[in-house]
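Listed here are the chains, written in short residue letters.
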Amino acid sequence: MKNYWDTVFRHPVIFILLVLFIKIYAFQIVVFENTSFFHVLFVEFPMWALILTLLMMFFKKRTWAAIWFYNFILSVLFIVVVYYTRYFSTVPSYYDVKQIYQSNSVGGTVALLGGPYDFLFFVDVVIVLPLIWFFKKNSTSFAAAKRLALGFGCLGLVMSAIAFRYPLIDVSYFAKKHGYIQSQFVQAYENSLGTALASQEHMSEKELETLKGNTYVPVREHETFGVASNRHVFIIQVESLQEFTINQRINGQEITPNLNALLKDSAYFNNVYQQIGAGNTSDAEWLMHTSLYPEGMDPTVNTIEGSEIPSLVRTLKRNGYGAATYHADDITYWSRDKLYPALGFDYVYTSLEIPNEKEIGFGPADEVLFNFVEGQLPKQLKAHERIYSNIITLTSHTPFDMPEEYEILNLPENYKDTYVGNYFQSIRYTDEQIGLFVEQLKKLGIYDESIILIYGDHSGLHGAPVTENDKVLLKEVLGHDYNMHDRFVVPVIFTVPELFTGETYSHLGGQIDLMPTLLNLLGIEHDTQMIGHNLFHYSENLLGMRYYLPGGSFISDKTFYMAPSAKLPASIYDRKTMKKTKNTNRLQKSIDNTLLLMEYSDYIRKEQTEE
């Protein structure tokens, strides 16, 4: 018996698997803060070990090369997952791996995400496995791999079967409880069925509003219906613009003086939350143009290829508008080459048409973008009675590195060369360009004949790039600790000259509500269902958010509920104060209603993309 165990522990397979276990254990600690030895051993480890032992079986002549390559790929994968989690606060799925070519969206921030200890994931590749090979090269038999593969396969199959019995509401939390590989299997399975968790029962507008806590009123009976009819429409989606920058000063200077000045002709909504998914900016465009929830873990544009979506664009075109979209980036970025045809734009202008001049960050400066838009307007005004322009800014994109000649703010010394300070400079620059564009609309004589909708696509300040020093600076500006309300709320400005005179609304809203609110002002009815509603009319709301909050989270008028995640337990906040509370009144009902709204949205999207 002693000789048997001596033989076992001298065998290279045991040492190789031990090294693998240590790596996976470290991965669990870093990503999930999971230190349970037995959970890693029986839930997470078997599937990874199964893959390795199968490689040993199939690559008999290149076994050591296969082992080394597998561990190298695993090291790269774990580093990607660690960095991704630090920035997005969610664990990536295989959907995100498919989007690796989009990595330039955070490329400039990668240096801010890592630390020297992260590369310990490569220790086995660089040192340990070569040492094992050196000392064990005379032991060339990997016969034990077949028996080990059978054992790991059986255990992995059992764990996977258990995982499939649980609903996948949040990928990060599911991966922590049931294993990272198992979470990918379950997600791929649910996606193969069409739309995960999609409701199959039709719901009326009345039922949708009841879920949100409102009494339904037909859109034509809203006081705002048609009050801004027959106007040109300009939508400006501002990169990384957060609500707290509006009417905010630093060192005696306004961060957004031009937007602040525009408020006198506007209705301002200061309580609207971002609701994007993995598609980020492109998902914000999806929300704006469909009033449907994004897919979540996969950029929504990946689900709509070849479809003709009943969008805001098509509804405006049926009412006499010519529709153009402008974004000074590669049209394939976030698959806008699929998105824009699906939405139905007449004119699409991207990096192919917009000059690549005065480059800042990922493309031409916003002043180049707006100058290009100004050049197109006379032609479109001549061709169409009314025009719709969708303008996507770019300059205020992370990591917010602004050339000195474009910095407008005179920041205090302790803000210079900080992430927060750079963010303020980039927002101030884009604000200046919006102000100049508005002046051009006035010169063209169409400002008083237009609706200008300005909103932020998503937060700019989040994740590991926001250092402890940045948090101190934010507290200095905000007067309180930077919280999830500050992070997730984006400004929404409806500028309608001679109609609005500086009104501010604090109704709870989401980006999903922008399209129905705009159409109500125009007096136009959409011909398919929308999940959002008119923010001017309804005071109650119930919002879901995929991807950036754990699945099952919701935002209501009184409560901000964050469901349990891979690292944090469930938390309930008073939404007005953002202080934790123990008030669980109607909590489960709100969770269920939020999931139902999102499921029904998935059902509508599935119906539209399959037509």
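The structure this text deals with has already been given above.
Definitions and limits used
- Along each chain, numbering runs from 1 in the same order as the chain's sequence is written.
- With pLDDT at 70 or above as the cut-off, local features in this predicted model cover only qualifying residues; side-chain atom pairs require 80 or more to be listed or tallied, and sums for whole chains, interfaces and linings still use all residues.
- Calculation of side-chain values draws on the structure's entire complement of heavy atoms; hydrogens and water are dropped beforehand.
- Among buried residues, the Ala, Val, Leu, Ile, Met, Phe, Trp, Tyr and Cys ones that are joined through side-chain atoms within 4.5 Å form a nonpolar core.
- Working definition: with a 1.4 Å probe on protein chains only, accessible area under 20% of the residue-type maximum means buried, over 50% means exposed, and in between means partly exposed.
- The helix count covers DSSP runs of H or I at least four residues long, the strand count covers runs of E at least two residues long, and both are numbered beginning at the N terminus.
- Only heavy atoms enter the contact rule, under which two residues are in contact if any of them lie within 4.5 Å.
- To estimate how far a helix should reach, multiply one less than its number of residues by 1.5 Å.
- Pairs of strands are assigned from DSSP output, requiring at least two bridges between the strands.
- What qualifies as a polar contact is a pair of N or O atoms within 3.5 Å, subject to a donor-acceptor requirement within protein and to the restriction that residues adjacent in sequence count only when both atoms come from side chains.
- Salt bridges are defined by distance alone: a side-chain nitrogen of Lys or Arg within 4 Å of a carboxyl oxygen of Asp or Glu.
- Aromatic rings from Phe, Tyr and Trp, taking only the six-membered ring of Trp, are treated as a pair when their centres fall within 6.5 Å; an angle between ring planes under 30 degrees marks them as stacked, one over 60 as edge-to-face, and anything in between as tilted.
- For helices, the fitted line uses only the C-alpha atoms of the stretch in contact; every axis is such a line through C-alpha atoms, and the angle between N-to-C directions lies from 0 to 180 degrees.
- Here the angle decides the label: under 35 degrees means roughly parallel, over 145 means roughly antiparallel, 65 to 115 means roughly perpendicular, and every other value means oblique.
- We call Asp, Glu, Lys and Arg charged. Ala, Val, Leu, Ile, Met, Phe, Trp, Tyr, Cys and Pro are nonpolar, and the rest, Gly among them, are polar.
- Within the patch definition used here, like charges are joined within 9 Å and nonpolar side chains (Val, Leu, Ile, Met, Phe, Trp, Tyr) within 5 Å, considering only residues with over 30% relative accessible area and no salt bridge.
- The method behind every accessible area is Shrake-Rupley, applied with a 1.4 Å probe, and residues are considered shielded solely by the protein chains displayed.
- In this tally, Asp and Glu contribute negative charge and Lys and Arg positive charge; neither His nor the terminal groups of the chain are included.
- For the purpose of locating charges, the reference atoms are NZ of Lys, CZ of Arg, CG of Asp and CD of Glu.

Caption draft 1: Structural detail: the nonpolar core. Counting residues in each nonpolar core, the largest one holds 139 residues, and the members touching the most others are Y388, F424 and L461. Counting residues per element, this core draws most heavily on helix α17 (residues 419-444), at nine residues. Discounting chain neighbours no more than four positions away, the residues touching F424 are F244, I250, I255, L409, Y415, L474 and V477.

Caption draft 2: Helix α21 (residues 587-610), seen in detail. Between its first and last C-alpha, α21 extends 35 Å over 24 residues, near the 34 Å set by a 1.5 Å rise per residue. Within α21, 17 of the 24 residues are buried, leaving the element largely enclosed by the surrounding structure.

Caption draft 3: Inspection of the sheet that holds strand β16 (residues 559-562) at higher detail. Here we have five strands laid out as an open sheet, ordered β14-β15-β16-β17-β18, and antiparallel in their pairing. Across the chains shown, the open sheet's two edge strands, defined by having one partner strand only, are β14 (542-543) and β18 (579-580).

Caption draft 4: View of the pairing of β16. Here β16 shows a buried face lined by T559 and Y561 and a second buried face lined by F560 and M562. Following strand β15 (residues 554-556), the chain reverses through two residues before pairing antiparallel with β16. Direction of pairing for β16 relative to strand β17 (residues 571-574): antiparallel, over a ladder of four bridges. When the sheet's bridge partners are listed, M562 is paired in β17 with S571.

Caption draft 5: Structural context of the side chain of T395. Take T395: it is sitting in the loop between β9 (386-392) and α17. When its relative accessible area of 4% is taken as the criterion, T395 is described as buried. At a separation of 2.9 Å, a polar atom in the side chain of T395 contacts the main-chain amide nitrogen of D366. Those residues within four positions of T395 in sequence are excluded, and the remaining contacts are I360, P364, A365, D366, M402, S426, Y429 and T430.

Caption draft 6: Region of the structure containing the pattern of salt bridges. In total, this model carries 17 salt bridges according to the counting rule given. Residues R220 and E525 are paired through a salt bridge, measuring 2.5 Å at the closest nitrogen-oxygen approach. Residue R220 is found in the loop between α11 (205-212) and β1 (232-238), and its partner E525 is found in the loop between α20 (514-522) and β14; the two are separated by 305 residues along the sequence. Residue R220 is classed as exposed on the basis of its relative accessible area, which comes to 56%. Note on E525: relative accessible area 42%, which makes it partly exposed. Put simply, K471 and E468 hold a salt bridge, and the shortest N to O gap is 3.4 Å. You can see K471 and its partner E468 sitting in helix α18 (residues 468-478), three residues apart, about one turn around the helix.

Caption draft 7: Highlighting the packing of aromatic side chains. Counted under the stated rule, the structure contains 40 aromatic pairs. Ring geometry for F38 versus F42: centroids 6.3 Å apart, planes at 10°, classification stacked. With F38 and F42 both in helix α3 (residues 37-58) and four residues apart, this pair spans about one turn of that helix. Exposure remark for F38: the relative accessible area of 55% places this residue in the exposed category. Judged by relative accessible area, F42 falls into the partly exposed class, the value being 38%. Geometrically, the ring pair formed by Y347 and Y349 is stacked, given 6.5 Å between the ring centres and 10° between the ring planes. For Y347, a relative accessible area of 26% puts it in the partly exposed group. With a relative accessible area of 12%, Y349 lands in the buried category. Among the aromatic residues, ring-to-ring pairing joins F21, Y25, F37, F38, F42, F45 and F152 into one connected group.

Caption draft 8: Representation of the side chain of S601. Assignment of secondary structure puts S601 in helix α21. Polar contacts involving the side chain of S601 include one to the main-chain amide nitrogen of Y293, which spans 2.8 Å. Residue contacts for S601: discarding those within four places in its chain leaves L292, Y293 and I531.

Caption draft 9: The arrangement of the pairing of β17 in detail. For β17 and β18, the ladder comprises two bridges, and the chain directions are antiparallel. Bridging across to β18, Y573 finds its partner in K580. Connecting β17 to the next strand, β18, in antiparallel fashion are four residues, including M578 with a positive phi near 55°.

Caption draft 10: Focus on the packing of α17 against α18. Remark: α17 packs on α18, axes separated minimally by 8 Å, with the N-to-C direction vectors making an angle of 55°. Taken together, α17 and α18 sit at an angle that is classed as oblique. Taking contact as the criterion, the partners of Y419, V420 and F424 in α17 are, on α18, D470, L474 and V477. Among the residues making up the contact of α17 with α18, the classes are represented as five nonpolar, no polar and one charged.

Caption draft 11: Examining the environment of V313 more closely. Considering the arrangement of structural elements, one finds V313 in helix α14 (residues 312-318). Accessibility expressed as a relative area gives 0% for V313, which makes it buried. When the C-alpha positions of V313 and Q529 are compared, they lie 15 Å apart, and in sequence the two are 216 residues distant.

Caption draft 12: Inspection of a negative patch on the surface at higher detail. Taken together, the side chains of E404, E405, E407 and D417 make up a negatively charged region of the molecular surface. Locating E405 in the fold gives a position in the loop between β9 and α17. The exposed category is assigned to E405, whose relative accessible area is 63%.

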